[in-house]
Amino acid sequence: MANELTALPEFTRCLFKHAYLFLPWFCRLYSEYRLKIDDFPNAVEFIEALKKDKTFFFGPSPDLAKANRKLNRFYEAAKPGSRNPESNSEAIHFLRRAWFHAWRNRQVFGLRGHEVRLMKFFHEVYVLDNLRHLADLQCMARLIDEEVVRLARSIHLPAGWTPARAVAKANMELHRLESILFCGKEPAPELCDQIRRKKPKTYARFQNLVRERKEAARLRITEIFDKEGWFPIVKSATLYEHLQKEGLDDLLPSTFRGRVGVQPTGYPLTFYTYAGLELDSPPINEVTMNPNYGMEEPDKDYKIHPVTDGTFYCETKAVVGDSKTKHYTLEYKRRARRLKYDSVEKLGQVIDQVRVRLVEHLQSNHRDTWVRALICLLIDKYCARIGNEASAKREEKKTYGITTLRTGKHVFINKDHIIIEYSGKHCQPQRHALPIYRTVAEQRKHPLESIIASRLIRLIEEKRRYLFTRSDRKPYTPQMVNEYFTASIEPNPETNLPYGGAGSPCTVHNMRNYHATRLFRRYSEKFLRLHPNPTYEEVLIAYQGRNKTHKYRGRPGVLSLIARMLGNTPAICRKSYIDPREQLLFFQRWGFRPPDCIIRDLFVQEEEDTYGLRRVIRGEQKRARELAKQNA
């Protein structure tokens, strides 16, 4: 998860800042710890200031009344000026009880992601007599501020353990195991699979060491940032010199040009442009910089994506396979997403007129017109993908869409139905069954379906390699279909559109976004009517479903329903098909914070109005309150 998206909201930042302010004093005086503190007088000053102000940082909730009472008893009993542990034993007892009650009622805080981990780690230190994650707390202090970082770094870890020693030890052991397992060969996936079967215990130890090294590397890199005073980011070349000395240069590609920061969890580094714009994901293998980044260029992809900051910043090759990934800035992704769903919203306003034109063109005598209209109607009816030739020509895991369907392979007539079966994106099986209406009465009852079926039968009987072809027998490309779908309704014989285009405000690809957002909006309205004042758990279950347990029946959420319609996974539907504004509104109309998956995948900044919803949310909250009063 990117640094920008793991920033703490104000109320949890205040809670954890106070937890850090107590930490050095507690670790020095608690009888079970007695750790060395580099700047103990500074830690005492903070305790004296807190004792004077009596800050109840757990909040005003009645559920936290016990925690606040124990905190008040701590302020009364604490003697910060005394370095004698016995004189502060009573105060330490009350502080531990305060955190005990805060942990038991942690649901009041509405914690998410890293906030949950912070709360868990502080609970371990203050209540469970466990310092296992003290190094993590030092690492995650960067989420708060520089003052807290200095305090956390003043604590010496138990038994003299340091991230630098852990990294050196992991590097030596990994080098030894690699020489045993791979004998100097490149650890390709096939070789790893063979070794895993021949030497399962040694290979399992190797895998565990890789994970341990990654964790130690994250802690060490954060330590380097804190020691050098790099807050929050530094030039990649500067960091690369330090990582080479530590034996961690494999974590930062030498060909990357820009700036880097540290992450509290996950991949150790976050990547930025030289201007300080954060990238959407870490480029970690064979990085190639884009020389055209930041240059103006003409609109492409039918004016969906913005061009104000150029295109992608850099490109990486996959660790396994030949696929490449382009890395964009978060700002670019946000603008692209907003523009994309603005165009989808416009499509929803004119969808009926577009469908009327498609049906008219389907009945025309111009082959290239009615074939393209048929493709668009099938995509609209079955939420099918349009497909592309590159995916259909892969050596392994070939995937198909409407434009790449093969006549004898994917389409056949079975009694009274036309069956279309193919493997879609991510190898998701797709199956569409179109009924054939043979009698005149049936054709009158289902006029559109009967025309679609008759046109498909005609294409099947041609026995061409591809189902959808032009007059010159060549298959249609997605670009050709989109040119028709977005073209003006005015006839233009020069562009092979004698009947004009469909006049859509966006590409045919966005039909899937339109249907997914439409279904999500309809589900949200129904849920609002039935649950005008729901709990957070009810909203979360309605959104992402619930697994079957011995206590509860399994229940699909709206994401699962949309995934079934699109032939994809709930995660992909959340990221790429449903309007972010509708998803955020689903939680925020009741004042609930969105779950981590939404914050991460939709690039939501909680302290900012990323998608311009504040005014809408106020209206929706008022509407929800009125519905709750009516039902009451």
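In what follows, the structure referred to is the one given above.
A brief look at the structure comes next. (Residues numbered from 1 in each chain as written. Predicted model: local features only at pLDDT ≥ 70, side-chain atom pairs only at ≥ 80, totals over all residues. Heavy atoms only, no water.)

So, the sheet that holds strand 2 (residues 259–262)
Condition: At least two DSSP bridges between two strands are required for those strands to pair. Numbering of helices and strands starts at the N terminus; helices are DSSP runs of H or I of at least 4 residues and strands are runs of E of at least 2. Throughout, a contact is declared for two residues whenever any of their heavy atoms are within 4.5 Å. To obtain each axis, a line is fitted to C-alpha atoms, and for helices this fit is confined to the stretch in contact; angles are then taken between N-to-C directions over 0 to 180 degrees.
Read across the sheet, three strands follow the order 1-2-3 without closing on themselves; strand pairing throughout is antiparallel. Only two strands of the sheet have a single neighbouring strand rather than two, namely strand 1 (234–235) and strand 3 (269–272). Inspection of the sheet shows strand 2 paired to strand 3 by four bridges, in the antiparallel sense. Within strand 3, the position partnered with Gly261 by the bridge is Thr270. Running over the sheet, helix 10 (residues 200–228) touches strand 1, strand 2 and strand 3 and is turned about 110° from strand 2.

Quick word on the pattern of salt bridges
Our working definition: Only one rule defines a salt bridge in this text: a Lys or Arg side-chain nitrogen within 4 Å of an Asp or Glu carboxyl oxygen. Relative accessibility decides the category of a residue: with a 1.4 Å probe and only protein chains considered, values under 20% of the type maximum give buried, values over 50% give exposed, and everything between is partly exposed.
Under the criterion given, the structure shown has 35 salt bridges. Asp280 is paired through a salt bridge with Lys333; the nearest N and O atoms lie 3.8 Å apart. Highlighted residues: Asp280 in the loop between strand 3 and strand 4 (287–289) and Lys333 in helix 12 (residues 330–362), separated in sequence by 53 residues. Under the relative-accessibility criterion, Asp280 is labelled buried at 19%. Across the salt bridge formed by Arg623 and Glu620, the nearest N and O atoms sit 3.4 Å from each other. Here Glu620 and Arg623 lie together in helix 25 (residues 614–631), a separation of three residues that amounts to about one turn. The class of Arg623 is partly exposed, set by a relative accessible area of 29%. Its relative accessible area of 14% is what places Glu620 among the buried residues.

A word on a negative patch on the surface
Note the cut-off: Like-charged residues are merged into a patch within 9 Å and nonpolar side chains (Val, Leu, Ile, Met, Phe, Trp, Tyr) within 5 Å, provided each residue has over 30% relative accessible area and no salt bridge. Using the Shrake-Rupley algorithm and a 1.4 Å probe, accessible areas are obtained, with residue cover drawn only from the displayed protein chains. By the counting rule applied here, Lys and Arg register as positive and Asp and Glu as negative, while His and the ends of each chain are not counted. Each charge is placed at NZ for Lys, CZ for Arg, CG for Asp and CD for Glu.
A grouping of Asp38, Asp39, Glu45 and Glu48 is seen on the molecular surface, where their side chains present a negatively charged patch. Mapped onto the fold, Asp38 is located in the loop between helix 1 (10–29) and helix 2 (40–53).

A short note on the environment of Leu339
Within the fold, Leu339 resides in helix 12. The class for Leu339 is partly exposed, based on a relative accessible area of 39%. It is 22 Å that separates the C-alpha atoms of Leu339 and Phe587, two residues lying 248 residues apart in sequence.

So, the packing of helix 19 (residues 511–530) against helix 20 (residues 536–544)
Threshold: Here the angle decides the label: under 35 degrees means roughly parallel, over 145 means roughly antiparallel, 65 to 115 means roughly perpendicular, and every other value means oblique. Should the near helix be turned counterclockwise from the far one by less than a right angle, the crossing is left-handed, whereas a clockwise turn marks it as right-handed. As a working rule, the residues Ala, Val, Leu, Ile, Met, Phe, Trp, Tyr, Cys and Pro are called nonpolar, Asp, Glu, Lys and Arg charged, and the rest polar, with Gly in that last group.
Across the interface, helix 19 lies against helix 20 with an axial gap of 12 Å and an inter-helix angle of 150°. If you check the angle between helix 19 and helix 20, you find them roughly antiparallel. The handedness of the crossing between helix 19 and helix 20 is right-handed. For the pair formed by helix 19 and helix 20, the contact residues are Phe520, Tyr523 and Phe527 on the first element and Glu538, Val539, Ala542 and Tyr543 on the second. Its residues assigned to classes, the contact of helix 19 with helix 20 comprises six nonpolar, no polar and one charged.

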